[in-house]
Amino acid sequence: MQKEIVINGKAYPTKEITFNTVCQFEDMGIPMSEIEAKSIMFVRAYAAMCMDKKADQAGDEIEKHVMNGGSIDELADVLRQAVEESGFFQALSKRAETADSESQTETA
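The shown structure was predicted, so the numbers you read here are calculated from the model rather than taken from an experiment.

Parameters at a glance
Residues numbered from 1 in each chain as written. Predicted model: local features only at pLDDT ≥ 70, side-chain atom pairs only at ≥ 80, totals over all residues. Heavy atoms only, no water. Helix = DSSP H or I, 4+ residues; strand = E, 2+ residues; numbered from the N terminus. Expected span 1.5 Å × (residues − 1). Buried < 20%, exposed > 50% of the residue type's maximum accessible area, 1.4 Å probe, protein only. Arc of directions from axis to C-beta. Polar contact = N/O pair within 3.5 Å; in protein donor to acceptor, adjacent residues only side chain to side chain. Contact = heavy atoms within 4.5 Å. Axes fitted to C-alpha atoms, helices over the stretch in contact; angles between N-to-C directions. Parallel < 35°, antiparallel > 145°, perpendicular 65-115°, else oblique. Left-handed = near helix turned anticlockwise from the far one by under 90°. Nonpolar A, V, L, I, M, F, W, Y, C, P; charged D, E, K, R; others polar. Core = buried A, V, L, I, M, F, W, Y, C linked by side-chain atoms within 4.5 Å. Pairing = 2+ DSSP bridges. Phe/Tyr/Trp six-rings, centres within 6.5 Å; stacked < 30°, edge-to-face > 60°.

## Here's the deal with the environment of Asp60
Stage number 1. As for its position among the elements, Asp60 is in helix α3 (residues 55-67).
Stage number 2. C-alpha of Asp60 to C-alpha of Arg44: the two residues are 16 residues apart in sequence and 9.5 Å apart in space.

## As for helix α4 (residues 72-85)
Stage number 1. Compared with an ideal rise of 1.5 Å per residue, which puts 14 residues at 20 Å, α4 spans 20 Å between its outermost C-alpha atoms and is within 8% of the ideal.
Stage number 2. For α4, the complete set of buried residues consists of Leu75, Ala76, Val78, Leu79 and Ala82. Along α4, the residues classed as buried sweep out an arc of 155° about the axis, all on the same side. Opposite the buried face of α4, by more than 90 degrees, sit the exposed residues Asp73 and Glu84.
Stage number 3. Its side-chain oxygen at 2.9 Å from the backbone nitrogen of Asp73, Ser71 defines the N-terminal cap of α4.

## Description of the side chain of His65
Stage number 1. Among the structural elements, His65 can be located in helix α3.
Stage number 2. The exposure class of His65 is buried, given its relative accessible area of 8%.
Stage number 3. The residues contacting His65, other than those within four sequence positions of it, are Val6, Ile7, Asn8, Gly70, Ser71, Glu74 and Leu75.

## Details of the packing of helix α1 (residues 19-27) against helix α2 (residues 39-51)
Stage number 1. Where α1 meets α2, the closest approach of the two axes is 11 Å, and the angle between their N-to-C directions is 120°. Between α1 and α2, the crossing angle belongs to the class labelled oblique. Handedness of the crossing formed by α1 with α2: right-handed. In contact with Thr21, Gln24 and Phe25 of α1, α2 contributes Phe42, Ala45, Tyr46 and Met49.
Stage number 2. A class-by-class count of the residues in the contact of α1 with α2 yields five nonpolar, two polar and no charged.

## Things to note about the nonpolar core
Stage number 1. Ranked by size, the top nonpolar core spans 25 residues in total, and within it Ile5, Ile7, Ile17, Phe25 and Tyr46 carry the most contacts.
Stage number 2. For this core, the elements supplying multiple residues, two or more each, are β1 (4-7), α1, α2, α3 and α4.

## Some thoughts on the packing of α2 against α4
Stage number 1. Contact geometry for α2 and α4: axes closest at 10 Å, N-to-C directions at 75°. With respect to α4, the element α2 is oriented roughly perpendicular. Residue-level contacts link Ile40, Phe42, Val43 and Tyr46 of α2 to Ile72, Leu75, Ala76, Val78, Leu79, Ala82 and Val83 of α4.
Stage number 2. Grouping the amino acids of the contact of α2 with α4 by side-chain chemistry returns eleven nonpolar, no polar and no charged.

## Comments concerning the pairing of strand β2 (residues 10-13)
Stage number 1. Pairing geometry for β1 and β2, over four bridges, is antiparallel. Across the sheet, residue Ile5 finds its bridge partner in β2, namely Tyr12.
Stage number 2. Counting the residues in the hairpin turn of β1 and β2 gives two residues, including Asn8, whose phi is positive at 55°.

## Comments concerning the packing of aromatic side chains
Centre distance and the angle of the planes are the two values used to describe a pair of aromatic rings.
Stage number 1. In total, this model carries three aromatic pairs according to the counting rule given.
Stage number 2. Each ring, one from Phe19 and one from Phe88, has its centre 5.6 Å from the other, and the planes form 65°; the classification is edge-to-face. Residue Phe19 is found in helix α1, and its partner Phe88 is found in helix α5 (residues 87-107); the two are separated by 69 residues along the sequence.
Stage number 3. Taking relative accessible area as the criterion, Phe88 reaches 26% and is therefore assigned partly exposed.
Stage number 4. Seen in terms of ring centroids, Phe25 and Phe42 are 4.5 Å apart; in terms of plane orientation they differ by 75°. Their pairing is edge-to-face. On the criterion of sequence distance, the pair formed by Phe25 in helix α1 and Phe42 in helix α2 is long-range, its members being 17 residues apart.
Stage number 5. Here Phe25 falls in the buried class, since its relative accessible area comes to 0%.

In C-alpha cells, the structure reads:
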C-alpha cells in the first residue's frame, strides 16, 4: 500500500480501511453502497481521515491542491489502493464470491 497521500506538497500517512473506517464514512453521509456515485465525497472523507482534519478542512486543502496543478485522480488512486488492500474488503469480497458460487451451484 502506498504509505502516504500528498496534498499541496505535504505528505500524510495513509490510513488502513477497516470496519471502523467504513462506519466513519457512513457517519459522514457516504454509505459504502454509494461509493461510485459519491466518489468525490469519498476522496474528501479519506483525505480528512489521513490528514486528521474535518471533511470541510480537507476539502479546502484539496481545492488548493487542484488549483495549484494537483490532481484529484492522484488522491483517488491512493484511496483505490487502500480499498483494494483492505483486509476487511478482501474478506467481504471473498464471502460474496463464495455466496455467488454456492447460489450458482444450487440453481444448476
